[in-house]
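# Secondary and tertiary structure notes
Each chain is listed here by its residues.
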Protein chains: 2
Amino acid sequence: MRKVCVIGAASTKYGRFDLTARELLSDACSAALKDSRVDPKRIDGNFIGNAFSIAEKQGHLGPLVMTTLGIPEAPAYTIETACASGGSAFREAYVNIAGGFADVMLASGVERVSQLDTITATSYFAYGSDYTYEGGNGCSFPGLYAAMARTYFQKFGATEEDLAAIAVKNHENGALNPKAHIQKRITVEDVMKSMMVASPLKLYDACPFSDGAAAVVLATEEVAKQLGVEPVYVMGSARAGSIAALHERADMASIPSTTIAGEKAMKQAKVTPKDVNLLEVHDCFTIAEAMALEDLGFLKRGEGAKAAAQGITRRDGRIPTNASGGLKAKGHPVGATGIGQIVELREQLLGKAGARQVKNARVALAHNVGATGGSCAVHVLGV
Amino acid sequence: MRKVCVIGAASTKYGRFDLTARELLSDACSAALKDSRVDPKRIDGNFIGNAFSIAEKQGHLGPLVMTTLGIPEAPAYTIETACASGGSAFREAYVNIAGGFADVMLASGVERVSQLDTITATSYFAYGSDYTYEGGNGCSFPGLYAAMARTYFQKFGATEEDLAAIAVKNHENGALNPKAHIQKRITVEDVMKSMMVASPLKLYDACPFSDGAAAVVLATEEVAKQLGVEPVYVMGSARAGSIAALHERADMASIPSTTIAGEKAMKQAKVTPKDVNLLEVHDCFTIAEAMALEDLGFLKRGEGAKAAAQGITRRDGRIPTNASGGLKAKGHPVGATGIGQIVELREQLLGKAGARQVKNARVALAHNVGATGGSCAVHVLGV
């Protein structure tokens, strides 16, 4: 298999925009191409993470964005694995290059949901659940993650304040990220006083509905050298799944697909958690960050929830986690989220993350989850 | 690159069913696994062509079907490139095996639209167009393909009767296909008298809205030998795109992505049109079959429309085309269509197509189009 690098990356700001998914996506792809300095004519294709563009009455995003980029002949695909769509798109772009089917690829993602009211948006998101048993019976994602949190609390004795500290930490990071949806510091008290959404999860335990797009250019090592760009290597790449419906799983306080994909990606990268200098993990709710750190093997069972309060996962901690602000503060434009993680980690690995730079960032891990873990993508990047 | 074979295949009947996409897809995948005799535990993933499952309030089909199949850990992806979603899903399963990332994969597709009334279904389909310029202004696919037909008529002097003969031929084939949505012979007069949909295209020039699912199992040559199944080889595989909006193209009587993908796939397979014994082409409307035969290089410009009337594309003709009945009669369950073509061609290549068997079928080509050609997938199969 050939070595694959990320040679360019860009992201729109995350937030609420009066722009269509098509426009946001075109902006991000165009900026990533510019950043990479590659001639667009060399692009062999584009994998696009997206889940809900049909809510704008526009499917088939590929030809639209490729036409805008001036390369309509290059094939493009929409990939959907719920909230892991971006990570899955990145994976397939990687596979195409590593396997010798392409030399230069775009991997991108986009979502536009701010035109929907909160109830409609929550309903759309619930389509990513096992709708027959979950979403369709009123158990949308806040409820599902609340059930995971309750199980976690019962098993490990964690508290709402522990989770609140995760939100506080991620908001602190997001406040330093000019692309973040929410650039505002909060306190544990703010979280505790915020509206209860699905007990024990409150408004500030949840990520926002964000619009946004992100794109990266992947290429062979040879192309990176030709262009003279500083490569960030894809050291490991893996995808896995879990039983779709939460109630059918043996344990509701962990996500099996995270463990499987994490182990595979780190094995390929020949690293262990000790070698990883920073992570972007899928913190759609605070409890999700706690579980991710455990499922990935960075912390023991029951340690994840308290890690933020203990300073372990701060930018200057032992396991810097979500230095971007995470889904929690940076935002969660579904299809873009997994690609946005790569954009952030590349900046960190190249030492260009400004005020939120993590020191000695040489190896980084991105973790992107669909639904309650029905889909997961993990990537290890390094310089 | 490793050799890749199709080692199992199955399809539901196409038609109108009181079953969800999830159920249809699970049925097809399960039957394909059984047909292949492979242990489901060996499945490395599933690429699922689907465009509209969100109309059933259910996205994220992958984990649902993998859970049903008893292999929830294996990653699954929904792939959307409008009506070429199935062909695109097959392509990526092929890439994963040929590139060494997997040994055994499912490629599948599904659509369920019969719960929608005709106007709603037409609107959903139009989301695959450039909605800003086309669908959103009332130019849905019948109108777009009508514009292509008008252009074709003006350039080449073809007639409505020529197109009607394509419908008659495909219904004749469909009448022999127990899986076809419409198993009814029609006459040129029937077509000419049918309701005008978008001049010059009438109801019988158009494919039906179908529900249905199809699935194939792909594997390395080694796995095929281990299992002792008769392999059908993927000799060539290619994807390409075209400018999204029809009015921006230089020519409205051809589809550039068909030509690009066709040339690439045949080059990889080391065949020319003369070596291909039968084709399944994307005849969403009769005019589409005419253009496909020309764009793929099987007939000269202007010859495609008259080929059915001349007997060239009949099962016993020089270029047997859509022996299954095609989208026109077999039906068009969007995400399943491209996979269903592979199911048909495998049966033909193994000499198991019963009453509709094409003689001396050794090399076959599948052609699957998204929208008016914004996406295209072409595959060459052989025994």
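Residues numbered from 1 in each chain as written. Chains lettered and ligands numbered in written order. Predicted model: local features only at pLDDT ≥ 70, side-chain atom pairs only at ≥ 80, totals over all residues.

## Thoughts on the overall build of chain A
Counted only if it meets this: Numbering goes from the N terminus for both helices and strands, where a helix is a DSSP run of H or I of at least four residues and a strand is a run of E of at least two. Here the globule rule reads 2.2 Å times residues to the power 0.38, and the radius of gyration is calculated from C-alpha atoms. For every residue pair, C-beta atoms are placed from the backbone, and the pair is scored as a contact if these atoms sit within 7 Å.
Across its full length, chain A holds 12 helices and 11 strands. Its C-alpha atoms give chain A a radius of gyration of 19 Å, near enough to 21 Å, the size a compact globule of 383 residues would have. Along the first, second and third principal axes, the C-alpha atoms of chain A reach 55 × 45 × 35 Å. Within chain A, contacts between residues at least 6 apart in sequence are counted, and of these 78% link residues at least 24 apart.

## Things to note about the domain arrangement of chain A
Where the parts come together, the accessible area they lose is often given as the size of the interface. All names here are of chain A. Definition in use: The source of the domain bounds is an automatic or database domain assignment. When residue character is reported, Ala, Val, Leu, Ile, Met, Phe, Trp, Tyr, Cys and Pro are called nonpolar, Asp, Glu, Lys and Arg charged, and the others, Gly included, polar.
Domain annotation for chain A reports domain 1 (4–115 + 210–233) and domain 2 (145–204 + 235–382). Computed from C-alpha coordinates alone, the two centres of domain 1 and domain 2 are separated by 23 Å. On the domain 2 side, the residues contacting the 38 residues of domain 1 number 35 residues. Only strand E1 (4–11), helix H3 (85–98), strand E4 (104–111), strand E7 (212–220) and strand E8 (232–241) provide two or more residues apiece to the side of domain 1 that touches domain 2. Here the element with the most residues in the side of domain 1 that touches domain 2 is H3; it accounts for 8 residues. Looking at the side of domain 1 that touches domain 2, its residues break down into 20 nonpolar, 13 polar and 5 charged.

## Description of the confidence of the model for chain A
To keep it simple, the criterion reads: As a per-residue measure, pLDDT reflects the predictor's confidence and takes values from 0 up to 100.
Per-residue confidence for chain A averages 97 on the pLDDT scale, and 100% of its residues sit at or above 70. Predicted complex metrics record ipTM = 0.98 and pTM = 0.98.

## Side note on the environment of Ala126(B)
With respect to the helices and strands, the residue Ala126(B) is situated in helix H4 (residues 118–126). Leave out the neighbours within four places in its chain, and Ala126(B) touches Tyr131(B), Gly135(B), Ser140(B) and Phe141(B).

## Notes on the relation of the copies chain B and chain A
Each copy of the chain is related to the other by a rotation around an axis and a translation along that axis. Quick note on the threshold: Least-squares fitting of one copy onto the other uses the C-alpha atoms of those residues that reach a pLDDT of at least 70 in both copies.
Of the two same-sequence chains, chain B is brought onto chain A (RMSD 0.0 Å, axial shift 0.0 Å) by a rotation of 180°. A rotation of that kind, with that shift, is consistent with a two-fold axis. Of every C-alpha in chain B, the one belonging to Gly99(B) sits nearest the axis of rotation, 2.0 Å from it. In this assembly the copies share their binding face: 100% of the residues contributing to the interface of chain B also contribute to that of chain A.

## Looking at the environment of Thr20(A)
Residue and element names in this part refer to chain A. Short version of the rule: Each residue is classified by how many other C-beta atoms fall within 10 Å of its C-beta atom, where C-beta atoms are placed from the backbone; a count of 20 or more means buried, 12 or fewer means exposed, and values in between mean partly exposed.
Summarising the element assignment, threonine 20 is placed in the loop between E1 and helix H1 (21–36). A count of 21 C-beta atoms within 10 Å places threonine 20 in the buried class. Sequence spacing of threonine 20 and glutamine 58 is 38 residues, and the spatial spacing of their C-alpha atoms is 9.3 Å. Those residues in contact with threonine 20 that lie beyond four places of it in its chain are Glu56, Gln58 and Arg112.

## What to know about the pairing of strand E10 (residues 363–370) of chain A
Regular strands place their side chains on alternate faces of the sheet. Residue and element names in this part refer to chain A. This is how the line gets drawn: Pairing between two strands is assigned when DSSP locates at least 2 bridges connecting them.
When you tally the buried positions in E10, you get 8 out of 8 residues, the bulk of the element. Of the two faces of E10, the one lined by Val363, Leu365, His367 and Val369 and the one lined by Ala364, Ala366, Asn368 and Gly370 are each fully buried. Pairing of strand E9 (residues 278–280) with E10, which is carried by 3 bridges, proceeds in the parallel orientation. Looking at E10, one finds that leucine 278 is bridged to alanine 364. In this antiparallel pair of consecutive strands, E10 and strand E11 (residues 375–382), the connection spans 4 residues, and alanine 371 shows a positive phi of 60°.

## Examining the packing of helix H5 (residues 141–156) of chain A against helix H10 (residues 286–295) of chain A
Residue and element names in this part refer to chain A. Threshold: Simply put, an axis is a line fit to the C-alpha atoms, just over the touching stretch for a helix, and the angle between two N-to-C directions goes from 0 to 180 degrees. By the definition adopted for this analysis, an angle is roughly parallel if under 35 degrees, roughly antiparallel if over 145, roughly perpendicular if from 65 to 115, and oblique otherwise. The handedness criterion is simple: a crossing whose near helix is rotated anticlockwise from the far helix by less than a right angle is left-handed, and one whose near helix is rotated clockwise is right-handed.
For the pair H5 and H10, the least separation of the axes is 9 Å and the interaxial angle reads 55°. Here H5 lies oblique to H10, going by the angle between them. Seen from above, H5 lies across H10 with left-handed handedness. In this structure, H5 uses Tyr145, Met148, Ala149 and Tyr152 to contact H10, whose residues at the interface are Ile287, Ala288, Ala290 and Met291.

## Quick notes on the interface of chain B and chain A
Listed by partner, the interface residues are 47 residues for chain B and 47 residues for chain A. Taken together, the elements giving at least two residues each to the side of chain B that touches chain A come down to helix H2 (61–68), strand E3 (76–80), helix H3 (85–98) and strand E8 (232–241) of chain B. Residues of the side of chain B that touches chain A, tallied by class, amount to 23 nonpolar, 18 polar and 6 charged. The sheet contact formed by strand E3 (residues 76–80) of chain A and E3(B) spans 3 bridges and is antiparallel. By the bridge assignment, Glu80(A) is partnered in E3(B) with Thr78(B).

## Overview of H5(A)
Residue and element names in this part refer to chain A. Which entries qualify depends on this criterion: Take the residue count of a helix, subtract one, and multiply by 1.5 Å to get its expected span.
For H5, with 16 residues, the first-to-last C-alpha span of 22 Å sits near the 22 Å given by 1.5 Å per residue. Packed against the buried residues of H5 are helix H4 (118–126), strand E5 (196–198), strand E6 (201–202) and H10. Once H5 ends, the next one or two residues include glycine 157, with phi positive near 70°.

## Details of helix H6 (residues 160–174) of chain A
All names here are of chain A. Under the 1.5 Å per step criterion, the end-to-end length of H6 is 21 Å for 15 residues, consistent within 8% with the ideal 21 Å. Among the residues of H6, those classed as buried are Asp162, Leu163, Ala164, Ala165, Ile166, Ala167, Val168, Lys169, Asn170, His171, Asn173 and Gly174. Buried-residue contacts for H6 involve helix H7 (188–193), H10 and helix H11 (326–329).

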